[in-house]
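Listed here are the chains, written in short residue letters.
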Amino acid sequence: MRFISKLFLLIVFCGYLGTSFAQIPGNYKGIFSGTPWLDDRGNTVSAHGANIIKDNGKFYLFGEAHSDTSNAFVGFNCYSSTDLYSWKFESVALPQQTNGRLGPNRVGERPKVLKCPATGEFIMLMHTDTLTYKDPCVGYATSKNITGPYAFQGPILFNGQPIKKWDMGSFQDDDGNGYLLVHSGNIYKLSDDYKSIVEQVAKNVESEGESPAMFKKDGIYYWLASHRTSWERNDNFYYISKSIYGPWENKGIFAPKYSLTWNSQTSFVLPIIGTKDTTFMFMGDRWSFPKQASAATYVWQPINVSGNSMSIPTLRQGWLIDTKTGVVSASTDKENFAKAKPAKHINFKGKWKNLAVAGIGEVWASDEKDASASVSFKGTQIHLYGLCDDVGGYASVKLLSKKGDILATSILDFYCKNIVTDLTYVSPVLSKGTYILEISVLGEHCNWSDKRRSIYGSKGNFVKLGNIRVSN
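Residues numbered from 1 in each chain as written. Predicted model: local features only at pLDDT ≥ 70, side-chain atom pairs only at ≥ 80, totals over all residues. Heavy atoms only, no water.

**Considering the overall build of the protein chain**
Okay, so step 1: Within the protein chain, the regular secondary structure consists of two helices and 41 strands.
Okay, so step 2: Computed over the C-alpha atoms, the radius of gyration of the protein chain is 22 Å, within 12% of the 23 Å expected from 2.2 N^0.38 for a compact globule of 472 residues.
Okay, so step 3: Its C-alpha atoms put the protein chain at 65 × 50 × 40 Å along the principal axes.
Okay, so step 4: A total of 472 residues make up the protein chain; the buried ones form 59% of that total.
Okay, so step 5: Contacts in the protein chain between residues far apart in sequence, at least 24 positions, make up 61% of those at least 6 positions apart. (Helix = DSSP H or I, 4+ residues; strand = E, 2+ residues; numbered from the N terminus. Rg over C-alpha atoms; globule rule 2.2 N^0.38 Å. Buried < 20%, exposed > 50% of the residue type's maximum accessible area, 1.4 Å probe, protein only. Contact = heavy atoms within 4.5 Å.)

**Quick word on the nonpolar core**
Okay, so step 1: Counting 53 residues, the largest nonpolar core has Ile52, Leu61, Trp300 and Leu437 as its most contacted members.
Okay, so step 2: When neighbours within four sequence positions are excluded, Ile52 is seen to be in contact with Phe59, Tyr60, Leu61, Leu84, Trp87, Phe268, Leu270, Met281, Met283 and Trp300.
Okay, so step 3: Residues Phe215, Tyr222, Leu224 and Val299 belong to the second largest nonpolar core, which totals 18 residues. (Core = buried A, V, L, I, M, F, W, Y, C linked by side-chain atoms within 4.5 Å.)

**Quick word on unusual backbone geometry**
Okay, so step 1: For the bond from Gly148 to Pro149, the omega torsion is 5°, close enough to zero to count as cis.
Okay, so step 2: By the secondary structure assignment, Pro149 is in the loop between strand S10 (137–143) and strand S11 (151–155).
Okay, so step 3: A cis amide bond, omega 15°, links Phe289 with the succeeding residue Pro290.
Okay, so step 4: With respect to the element layout, Pro290 can be found in the loop between strand S23 (278–286) and strand S24 (297–302).

**Things to note about the sheet that holds strand S38 (residues 433–441)**
Okay, so step 1: Pairing is antiparallel in the open sheet, where five strands are placed in the order S30-S33-S38-S35-S36. The outermost strands of the open sheet, each flanked by one partner alone, are strand S30 (346–349) and strand S36 (406–413). The average angle at which neighbouring strand axes cross in this sheet is 20°, direction not considered.
Okay, so step 2: Note: strand S35 (residues 394–401) against S36, seven bridges, orientation antiparallel. Among the inter-strand pairings, Ser396 is bridged to a residue of S36, identified as Ile411. (Pairing = 2+ DSSP bridges. Axes fitted to C-alpha atoms, helices over the stretch in contact; angles between N-to-C directions.)

**As for the pattern of salt bridges**
Okay, so step 1: Scanning the entire structure with this criterion turns up 13 salt bridges.
Okay, so step 2: In this structure, the salt-bridge partner of Asp55 is Lys115, at a minimum N-O distance of 3.0 Å. Pair noted here: Asp55 is in strand S4 (residues 48–55) and Lys115 is in strand S8 (residues 106–115), with a separation of 60 residues, a long-range link.
Okay, so step 3: You can call Asp55 buried: its relative accessible area is 11%.
Okay, so step 4: Across the pair Asp174 and Lys216 runs a salt bridge whose closest N-O atoms are separated by 3.3 Å. Of this pair, Asp174 sits in the loop between strand S14 (168–172) and strand S15 (178–182) while Lys216 sits in strand S18 (residues 210–217), placing them 42 residues apart in sequence.
Okay, so step 5: We classify Lys216 as partly exposed; its relative accessible area is 22%.
Okay, so step 6: Three or more residues are tied together by salt bridges with common partners; here these are Arg101, Arg106, Asp135 and Lys164. (Salt bridge = Lys/Arg side-chain N within 4 Å of Asp/Glu carboxyl O.)

**Some details on the packing of aromatic side chains**
Okay, so step 1: With the rule as written, the count across this model stands at 24 aromatic pairs.
Okay, so step 2: For the ring pair Phe62 and Tyr150, a centre distance of 6.1 Å and an interplane angle of 85° mean the geometry is edge-to-face. Linking Phe62 in strand S5 (residues 58–64) with Tyr150 in the loop between S10 and S11, this pair joins segments that are 88 residues apart in sequence. The same class applies to Phe62 as to Tyr150, namely buried.
Okay, so step 3: Consider the rings of Tyr79 and Phe89, whose centres lie 5.5 Å apart with planes at 75°: the pair is edge-to-face. Here Phe89 lies in strand S7 (residues 88–95) and Tyr79 lies in strand S6 (residues 75–81), a separation of ten residues in the sequence.
Okay, so step 4: Through pairs of rings, three or more aromatic residues link up here, namely Phe215, Tyr222, Tyr238, Phe254, Phe280 and Phe282.
Okay, so step 5: Residue placement shows Lys464 over the ring face of Phe462; its charged tip is 5.3 Å from the ring centre. (Phe/Tyr/Trp six-rings, centres within 6.5 Å; stacked < 30°, edge-to-face > 60°. Lys NZ or Arg CZ within 6 Å of the ring centre and 35° of its normal.)

**Observations regarding empty space enclosed by the protein**
Where empty space is left can be seen by rolling a probe of water-molecule size over the atoms.
Okay, so step 1: Under the defined criterion, the tally for this structure stands at four cavities of 30 Å³ or more.
Okay, so step 2: By volume, the largest cavity amounts to about 160 Å³.
Okay, so step 3: Looking at the largest cavity, it is lined by 19 residues, and the ones nearest its centre are Gly34, Arg286, Thr297, Cys388 and Asp413.
Okay, so step 4: Those elements that place two or more of their residues in the lining of the largest cavity are S36 and strand S37 (420–426).
Okay, so step 5: Looking at the lining of the largest cavity element by element, the count peaks at four residues for S37. (1 Å grid on protein atoms, 1.4 Å probe; cavity = no way out; pocket = protein on both sides within 12 Å on 5 of 7 lines; lining within 4 Å. Points joined across faces, edges and corners; volume = space filled by probe spheres on them.)

**Here's the deal with the pairing of S6**
Okay, so step 1: Within S6, seven of the seven residues are buried, leaving the element largely enclosed by the surrounding structure.
Okay, so step 2: Burial along S6 is two-sided: the face carrying Gly75, Asn77, Tyr79 and Ser81 and the face carrying Phe76, Cys78 and Ser80 are both buried.
Okay, so step 3: With six bridges connecting them, S5 and S6 associate as antiparallel partners. Looking at S6, one finds that Tyr60 is bridged to Ser80.
Okay, so step 4: In this sheet, S7 lies alongside S6 in antiparallel orientation, the contact comprising six bridges.

**Thoughts on the sheet that holds strand S19 (residues 220–226)**
Okay, so step 1: Spatial ordering of the open sheet is given by S18-S19-S20-S21, a layout of four strands whose pairing is antiparallel. Each having just a single partner strand, S18 and strand S21 (249–253) make up the two edges of the open sheet. Averaged over all adjacent pairs, the angle separating strand axes in this sheet is 25°, with direction ignored.
Okay, so step 2: Bridging between S18 and S19 involves six bridges; their strand directions are antiparallel. Paired with Glu210 across the strands is Ser226, a residue of S19.

Put into structure tokens, the structure is as follows:
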């Protein structure tokens, strides 16, 4: 993560990622990783374990809908976008079923949608299970329309039998062939209509691999996966091959060691094919349990591909992509931070402590429930940085008008296994005016246990605040 040396609440006035726009819920002018995203309705984008496909010039995002109280399946959401920045809610593409594998008190995860070249039909693959993960199965659903509704068809069969695996992904090759990827590096070729399995093309590429994804560049296949650490993040890794049948070569991790893949888990790789370049975008999930609906976020990053190697060497916390040309341009984070000025009108309530953190600088910290910090700002967009560590907890954020009307709300998770300073919140683009940002300590933190009853997550409820930057 990107460390910041001069901290506390600092404001930068700049023309960051755009000019003034009318206030539109969920209107963004860049891709921001690790921050809550709002859709066109002003609701949190809920689409984890996701994939994106492009159809008729528009991008469609499919992912898991969640609640903050249970991991039970509540539906798979569909969103659309023309720029990959701002997302319109389209539908619950596949809702909870009345019974069966995707019925009440069941698990539905990692939806992956493919458009079948032979039929023009849209096929959705997914993992179905019990809440205790004792009945894994890969199922499929179909629809004539990309946004659904999708009709659940049951297990996808290979030699007449279900694929009894869990974490899964998908890949569509240049020749139109579709593939199902499942954990441990098992790869299956789909039938011409994508509704069954005709062949297993690879076995056990990596026995510890979960959440697989794949892309292809210059005739080389790249297979990505995470280690098995439940909802905890880890250093994800990859293999390469000149043939999808193998042999596969272990190439190690693709983000810096101990970055925990920039605090995310692999979900999908999207090729953004343009007139000048093709950018491969890593799509990862930054899980937050139990508040999966409101506090879990996304890490989307351009992948560097050189020769037969791939990497994400630095975290771009805000970046731009021209979806027509396929060309990536960097944000102006460093320039804007260099122009920082002391903030005014900061109001602290409750017990806050000023801390000096070695190698980082000053932060303001509190674990007192309902302790709050607020700042008035004038501009079109606000960016909040925070320090995340193993005692980090949840905070609520409210974006208010000058009169105190609530414009947007989010939940932030300040937990990380390692100490990092991170961009934690970016508001939608607003009409130029005066606003108030209010951050409150919830007195809660993320924690969970896995199948072996090992305990993961935070050990405290601290909210630690760093910079605030404002765009004019």
